[in-house]
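Here are the chains, one letter per residue:
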Amino acid sequence: MRHYPPELLIAGRGSDNDQDEGTVSQVELLSCDSAILQINLEVRLGTYLDPAGSEFHWPAHYLVIGETGDGDYYCLDALNHSTPVLQYRCQLARFETAAESLDEFVELLYIAFTEDDSEDPENPLDDEATTPDERTY
């Protein structure tokens, strides 16, 4: 958080950098410690159902760092020192790799939200762009 990219602090999530939908720092990669605390408390208080109807509880060692705005969360595995950024896919109740590192995730956010080609069908943060991971709960 001390080295948060200034461009992402003000990058709007809407079309043409419109901030009606918030900024990247308010959603995809939270920049405020109280927001990180709040979202982590939120995911741990609730129980979720997986597609088979079984209860899913948020893993204690997964730290939420942001969300997609569509019910999915971005997180880090606090027990893994070289952790990728994981995306929790709420409809599937599983974790998938969104980026191989936090640095790569920041780069993907920068490309998706600060460059003119954010409407590109090859957008790196599109759902189809994530790589399935073995972490299914």
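Look up a bit, the structure's there.
1. Some remarks on the pattern of salt bridges
Reasoning step 1: Scanning all chains against the criterion turns up four salt bridges.
Reasoning step 2: Close ionic contact of Glu28 with Arg13 constitutes a salt bridge, the shortest N to O distance being 2.9 Å. Here Glu28, found in the loop between α1 (6-10) and α2 (33-45), pairs with Arg13, found in the loop between α1 and α2; they are 15 residues apart in sequence, far enough to count as distant.
Reasoning step 3: With relative accessibility at 4%, the residue Glu28 sits in the buried group.
Reasoning step 4: We note a salt bridge from Arg89 to Glu96, for which the minimum N-O separation is 2.9 Å.

2. A few points about unusual backbone geometry
Leaving glycine out, the prevailing phi sign among residues is negative, and the prevailing peptide bond configuration is trans.
Reasoning step 1: With phi around 55 degrees, Ala93 is a residue other than glycine that occupies positive phi space.
Reasoning step 2: When its relative accessible area of 1% is taken as the criterion, Ala93 is described as buried.

3. What to know about helix α3 (residues 102-114)
Reasoning step 1: Here α3 is 13 residues long and its end C-alpha atoms lie 17 Å apart, about the 18 Å a rise of 1.5 Å per residue gives.
Reasoning step 2: Buried within α3 are the following residues: Phe105, Val106, Leu108, Leu109, Ala112 and Phe113. Looking straight down α3, one finds its buried side chains confined to an arc of 160 degrees; they lie on one side. Exposed side chains of α3 directed beyond 90 degrees from the buried face belong to Asp103 and Glu107.
Reasoning step 3: Its buried side turned inward, α3 meets α1, β3 (62-67), β4 (73-77), β5 (85-89) and β6 (94-99).

4. Comments concerning a nonpolar patch on the surface
Reasoning step 1: The grouping of Leu37, Leu41 and Leu45 at the surface amounts to a nonpolar patch, some 340 Å² of accessible area in total.
Reasoning step 2: Mapping Leu45 onto the fold places it in helix α2.
Reasoning step 3: On the basis of relative accessibility, which here comes to 75%, the residue Leu45 falls in the exposed class.

Rules of the game
Residues numbered from 1 in each chain as written. Predicted model: local features only at pLDDT ≥ 70, side-chain atom pairs only at ≥ 80, totals over all residues. Heavy atoms only, no water. Salt bridge = Lys/Arg side-chain N within 4 Å of Asp/Glu carboxyl O. Helix = DSSP H or I, 4+ residues; strand = E, 2+ residues; numbered from the N terminus. Buried < 20%, exposed > 50% of the residue type's maximum accessible area, 1.4 Å probe, protein only. Expected span 1.5 Å × (residues − 1). Arc of directions from axis to C-beta. Contact = heavy atoms within 4.5 Å. Patch = residues over 30% accessible without salt bridge, like charges linked within 9 Å, V, L, I, M, F, W, Y side chains within 5 Å. Areas by Shrake-Rupley, 256 points an atom, 1.4 Å probe, with all protein chains shown as cover.

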